[in-house]
Amino acid sequence: MPVAWVDGNLPAGFPSPAADFAVKRHDLNELLITHPAATFMWRISGQSMIELGIFDGDIVVVNRALLPAKHGDIVVAEVDGDFTVKQFWRRAGVVQLRPANPTFPAILFRDGQTMTICGVVTASIKRFK
């Protein structure tokens with residue numbers, strides 16, 4: 001079901017004395033999903049991506065149509081049978097999955113490991129209540 005959308009920007013400083021608000025209905029699917037058949041959502045568990053604004057309990061929107069991943073993309077990957085969300089790094093033939101939290105190690109690939117990039121994260125949804 002579409003939700004109400006107020007045109008314009010919402011200041012995070014002092015309140016605006018605006019008298020009228022133009023209200024239009026928007027479907028969050030239209031705003032967040034560009035390839036519906038190739039998109040899925042997944043709830044995040046853990047703290048490894050907090051410096052990129054992805055927190056425990058957030059829901060990420062993941063688009064498989066954006067594969068192959070590019071250097072710097074946030075991706076959902078399957079590594080040796082376990083799923084994770086990390087930043088994809090590829091330089092000089094070396095592939096890493098890097099966390100966005102300095103207390104977590106990067107995943108460096110060695111011979112014999114398996115990695116499948118499942119999709120590129122395009123949005124993060126968070127709830128405050």
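Residues numbered from 1 in each chain as written. Predicted model: local features only at pLDDT ≥ 70, side-chain atom pairs only at ≥ 80, totals over all residues. Heavy atoms only, no water.

## Some words on the packing of aromatic side chains
The condition that has to hold: In summary, the pairing rule links any two rings of Phe, Tyr or Trp, Trp by its six-membered ring, whose centres are within 6.5 Å, and it sorts them by plane angle into stacked for under 30 degrees, edge-to-face for over 60 and tilted for everything else. In this description a helix means any DSSP run of H or I spanning at least four residues, a strand means any run of E spanning at least two, and both kinds are numbered starting from the N terminus. To sort residues, take the accessible area from a 1.4 Å probe on protein chains only and compare it with the maximum for the residue type: under 20% means buried, over 50% means exposed, and anything in between is partly exposed.
Using the criterion set out here, one finds two aromatic pairs in the structure. When the centroid spacing of 5.1 Å and the interplanar angle of 55 degrees are considered together, the rings of W42 and F83 count as tilted. Taken as a pair, W42 in strand β3 (residues 39-43) and F83 in strand β6 (residues 82-91) lie far apart in primary sequence, 41 residues in all. According to the relative accessible area criterion, W42 is partly exposed, its value standing at 36%.

## Thoughts on the side chain of Q87
Keep this limit in mind: Counted as a polar contact is a pair of N or O atoms within 3.5 Å, where, for protein atoms, one must be capable of donating a hydrogen and the other of accepting one, and residues adjacent in sequence contribute only when both atoms are in side chains. Contacts were defined at the residue level, with two residues in contact if any of their heavy atoms lie within 4.5 Å.
Along the chain, Q87 turns up in strand β6. Of the polar contacts made by the side chain of Q87, one reaches the backbone oxygen of G72; its length is 2.9 Å. For Q87, the contacting residues outside a window of four places in its chain are M49, L52, G72, D73, I74, Q96, L97 and R98.

## Considering the nonpolar core
Here is the rule we go by: Buried Ala, Val, Leu, Ile, Met, Phe, Trp, Tyr and Cys residues form a nonpolar core when they are joined through side-chain atoms within 4.5 Å.
I44, M49, I54, V60, V62, I74, V76, V85, A100, C118 and V121 together form the largest nonpolar core, which totals eleven residues. Contributing elements (two or more residues each) for this core: β4 (59-63), β5 (74-79) and β9 (115-125). Excluding residues that lie within four positions of it along the chain, V60 makes contacts with F40, M41, W42, I44, I54, V121, A123 and S124.

## Digging into the side chain of S48
By the element assignment, S48 lies in the loop between β3 and β4. Those residues in contact with S48 that lie beyond four places of it in its chain are V85, K86, P99, A100, N101 and F104.

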